[in-house]
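Now for the letters of each chain:
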Amino acid sequence: MSKNIVIAGAGVSGLTLAERLTSSGEDVSVTVLEKEDCPGGLARTFERDGFLFDIGPHRFHTSDTDVNNYLLEILGDDHVTINRSSNVYMAGKYRSWPLTMKSVAGLPMPVLFRSFLDLFRGKSEVEHPTFADYVISKYGKNIYNYFFRGYTEKFTGCSADTLHIDWAEAGVNRAVIDKNVKTDDLFSLLKSVLIPKPVSTAFYYPSYGGIQTFCDKQAERIQNNGGRIMYGCRALGVETVDGRVSGVETADMGVIKADHVYWSAPVSILFPDAGFRFMDTLLCNIGLSKRQNNNYQWCYFGQEDILFSRLTVPRNFRADTVPLESDSLIVEITLNNQEQRDNPKILKDRLIHELEGVNALRASDIIFIDWQVVPQTYPLYDLDYRKRFSELLLPEGLDLTGRCGSFWYNNMDHSIGEALAISSGQVYSKDFWK
Ligand SMILES: Cc1cc2nc3c(=O)[nH]c(=O)nc-3n(C[C@H](O)[C@H](O)[C@H](O)COP(=O)(O)OP(=O)(O)OC[C@H]3O[C@@H](n4cnc5c(N)ncnc54)[C@H](O)[C@@H]3O)c2cc1C
């Protein structure tokens, strides 16, 4: 009898696992359940009138050889290598990120002076440090107040005092993808600015379509290997017999029998009372009739009085993500209230006004705005999330995996790395930011 493996979720994590298991030669029957009508999850791509929009910027970058080899195995020749060019918008100006001497010199003098004094202040030890304690101890109160607090509170919708330090450790490392750029504390940040080391930040991107091309290729392989992907199939929970998993209950297709379940859909579906919260993101995908002057691939916006937290320019990933001579912008806004969630278009006037205010577009060039609410984009790391997660009682034969399944603020390469490890019987370390 072959073993029935059911995977909830056809994101990068579920697909990598299914692809590896179906090509392992083992006697397994693999079924993937996906609530959407396409693969990809957070790494999927929306298309409108010849414009392609990923869910924010999506790049493949890894220092893990196995993950790198796997990426190239799936993409084959269908990839391009691009140099990163990201910005941060501070004090009314676009500045390159990681920060350079030139961009720092343009910051307001009082901020520079007070931050300089912070270098010489003693650090106070806190017993249970929060996000705020952590960032202040690393970068000083001024840089914290000037950038990190506003950005984080706008981005998460939570007070920085109520966030776990993991949010800082994962988040800061995420922004700086080259290990040469040391930003561990104010001294190393200053050193990186004064004596910059050459930064190689090349990353992969598919040579056609958007980031979802990678997932489409995985899905095709799974089906060619005899695996099954059921789209439009919402998993509701797992069924058990004597404390062991026996199947996955679905919304419209009854119970799908399983000897083993890998769950990459949000963990909050299985444990609704455990208090795991996620952020929801509004993407405003804007098609523009003419080229605008945005030279970055993506740019962070920390100011609290600006609605959005990041802008992405798809043509700076690959020129043919927009029709000839056109342009586009992906705007990310965290949805913090029900009114915005129900009718995001109420933000339209403010959005256009602010985009013009930061010179990101000319309103007269807008062809369309495609409003996409993407639920469960980031896990929210509150102060005792680790404890609550460790106390979950899982039935035998159930594993939580991936970004939402294991409540893990990760990147695609981490979801892939974990799935590769599982499929070869190894354990993957999730504290990648340490
Ligand atoms: C704005 C943004 C930018 C990012 N940029 C990058 C980047 O540049 N580089 C990078 O490497 N990573 C990036 N990431 C992270 C990356 O997208 C994720 O790490 C990765 O896609 C997670 O894959 P996953 O399979 O673990 O989870 P998911 O993609 O969340 O997959 C879970 C799947 O489960 C499905 N599902 C949910 N509920 C159910 C249900 N009830 N039944 C069945 N199916 C269900 C979902 O539709 C989804 O397909 C970014 C993420 C965001 C949000």
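Residues numbered from 1 in each chain as written. Predicted model: local features only at pLDDT ≥ 70, side-chain atom pairs only at ≥ 80, totals over all residues. Heavy atoms only, no water.

## Quick word on the site of the ligand
Okay, so step 1: In the vicinity of the ligand, 36 residues are found, and the nearest of them are Glu34, Pro57, His58, Asn410 and Ser415.
Okay, so step 2: One of the backbone N or O atoms of Lys35 is found 3.2 Å from a nitrogen atom in the ligand.
Okay, so step 3: Residue Met412 places a main-chain N or O atom 2.8 Å away from an oxygen atom belonging to the ligand.
Okay, so step 4: Going through the elements one at a time, helix H1 (12-22), strand S18 (366-379), helix H13 (402-405) and helix H14 (412-423) are the ones with two or more residues in the shell around the ligand.
Okay, so step 5: Looking at the shell around the ligand residue by residue, the classes come out as 15 nonpolar, twelve polar and nine charged. (Near = heavy atom within 4 Å. Polar contact = N/O pair within 3.5 Å; in protein donor to acceptor, adjacent residues only side chain to side chain. Helix = DSSP H or I, 4+ residues; strand = E, 2+ residues; numbered from the N terminus. Nonpolar A, V, L, I, M, F, W, Y, C, P; charged D, E, K, R; others polar.)

## What about the nonpolar core?
Okay, so step 1: Counting 87 residues, the largest nonpolar core has Phe60, Trp167, Phe214, Trp263 and Ile416 as the members making the most contacts within it.
Okay, so step 2: Residue contributions to this core peak at ten residues, all from helix H5 (residues 131-156).
Okay, so step 3: Listed in part, the 26 residues of the second largest apolar core include Val331, Leu335, Leu355 and Val358. (Core = buried A, V, L, I, M, F, W, Y, C linked by side-chain atoms within 4.5 Å. Buried < 20%, exposed > 50% of the residue type's maximum accessible area, 1.4 Å probe, protein only.)

## Thoughts on the sheet that holds strand S15 (residues 298-301)
Okay, so step 1: A sheet is described by the order of its strands in space; here seven strands give the open sequence S7-S6-S15-S16-S17-S14-S18, paired in mixed fashion. Both edges of this open sheet fall to strand S7 (93-97) and S18, since each of them pairs with a single strand only. The average undirected angle you get between the axes of adjacent strands in this sheet is 25°.
Okay, so step 2: Both strand S14 (residues 278-288) and strand S17 (residues 327-334) contribute to a ladder of eight bridges, which runs antiparallel. The partner of Thr281 across the bridge, within S17, is Thr334.
Okay, so step 3: Sitting on the sheet, helix H11 (residues 348-357) touches strand S6 (86-90), S14, strand S16 (310-312), S17 and S18, and the angle it makes with S18 is about 100°. (Pairing = 2+ DSSP bridges. Axes fitted to C-alpha atoms, helices over the stretch in contact; angles between N-to-C directions. Contact = heavy atoms within 4.5 Å.)

## A word on unusual backbone geometry
The general pattern is negative phi for most residues beyond glycine and trans for most peptide bonds.
Okay, so step 1: Although it is not a glycine, Gln376 sits at a positive phi angle of roughly 55°.
Okay, so step 2: A relative accessible area of 25% places Gln376 in the partly exposed class.
Okay, so step 3: Positive phi outside glycine occurs at Phe407, with the angle close to 50°.
Okay, so step 4: Among the structural elements, Phe407 can be located in the loop between H13 and H14.
Okay, so step 5: A residue is classified by how much of its surface remains accessible, and Phe407, at 2% relative accessible area, is buried.

## Overview of the environment of Ile369
Okay, so step 1: With respect to the helices and strands, the residue Ile369 is situated in strand S18.
Okay, so step 2: With relative accessibility at 12%, the residue Ile369 sits in the buried group.
Okay, so step 3: Put simply, Ile369 and Lys345 are 24 residues apart on the chain and 9.4 Å apart in space, counted from C-alpha to C-alpha.
Okay, so step 4: When residues no more than four places from it in sequence are discounted, the contact partners of Ile369 are Arg48, Cys284, Asn285, Ile286, Lys348, Leu351 and Ile352.

## What about the pattern of salt bridges?
Okay, so step 1: In the structure shown here, the tally under the stated rule is 23 salt bridges.
Okay, so step 2: Each of Glu19, Arg20, Glu73 and Arg221 takes part in one network of salt bridges that share partners. (Salt bridge = Lys/Arg side-chain N within 4 Å of Asp/Glu carboxyl O.)

## Concerning empty space enclosed by the protein
Okay, so step 1: Counting across every chain of the model gives one cavity of 30 Å³ or more.
Okay, so step 2: Counted as a void, the largest cavity has a volume near 70 Å³.
Okay, so step 3: Here the residues of the lining of the largest cavity sort into seven nonpolar, six polar and one charged. (1 Å grid on protein atoms, 1.4 Å probe; cavity = no way out; pocket = protein on both sides within 12 Å on 5 of 7 lines; lining within 4 Å. Points joined across faces, edges and corners; volume = space filled by probe spheres on them.)

## Points about the side chain of Glu354
Okay, so step 1: Summarising the element assignment, Glu354 is placed in helix H11.
Okay, so step 2: Note on Glu354: relative accessible area 13%, which makes it buried.
Okay, so step 3: Setting aside its immediate chain neighbours within four residues, Glu354 contacts Asp305, Ile306, Leu307 and Phe308.

## Topic: the environment of Thr81
Okay, so step 1: Positionally, Thr81 belongs in strand S5 (residues 79-83).
Okay, so step 2: Between the C-alpha atom of Thr81 and that of Phe203, which follows or precedes it by 122 residues, the distance is 5.5 Å.
Okay, so step 3: If we skip the residues at most four places from it in the chain, Thr81 touches Ala202, Phe203 and Tyr204.

## Regarding H5
Okay, so step 1: Counted at 1.5 Å a residue, the expected span for H5 with its 26 residues is 38 Å, but the 12 Å between its end C-alpha atoms falls short.
Okay, so step 2: Remark: the principal bend of H5, roughly 120°, maps to Gly140.
Okay, so step 3: In this structure Thr130 caps H5, since a side-chain oxygen of it lies 3.2 Å from the backbone nitrogen of Ala132.
Okay, so step 4: Positioned one or two residues after H5, Gly157 has a phi angle of 75°, which is positive. (Expected span 1.5 Å × (residues − 1). Bend = angle between axes of the 7 residues up to and from the residue.)

## Observations concerning the packing of aromatic side chains
Okay, so step 1: On inspection of all chains with the given rule, the structure shows 29 aromatic pairs.
Okay, so step 2: Ring centres of Phe276 and Phe389 lie 5.9 Å apart, and the angle between their planes is 70°; this geometry places the pair in the edge-to-face category. Taken as a pair, Phe276 in the loop between helix H9 (267-270) and S14 and Phe389 in helix H12 (residues 385-390) lie far apart in primary sequence, 113 residues in all.
Okay, so step 3: Aromatic rings pair up to connect Tyr151, Phe155, Trp167, Phe276, Phe278, Tyr300, Tyr378, Tyr381, Tyr385, Phe389, Phe407 and Tyr409 into one cluster. (Phe/Tyr/Trp six-rings, centres within 6.5 Å; stacked < 30°, edge-to-face > 60°.)

## Some words on the environment of Asn316
Okay, so step 1: Among the secondary structure elements, Asn316 is positioned in the loop between S16 and S17.
Okay, so step 2: The spacing of Asn316 and Ile82 is 234 residues in sequence and 9.0 Å in space, taken between C-alpha atoms.
Okay, so step 3: Leaving out residues up to four positions away in the same chain, Asn316 has contacts with Ile82, Asn294, Asn295, Tyr296 and Gln297.
Okay, so step 4: In terms of polar contacts, Asn316 uses its side chain to reach the backbone carbonyl oxygen of Asn294, at 3.1 Å.

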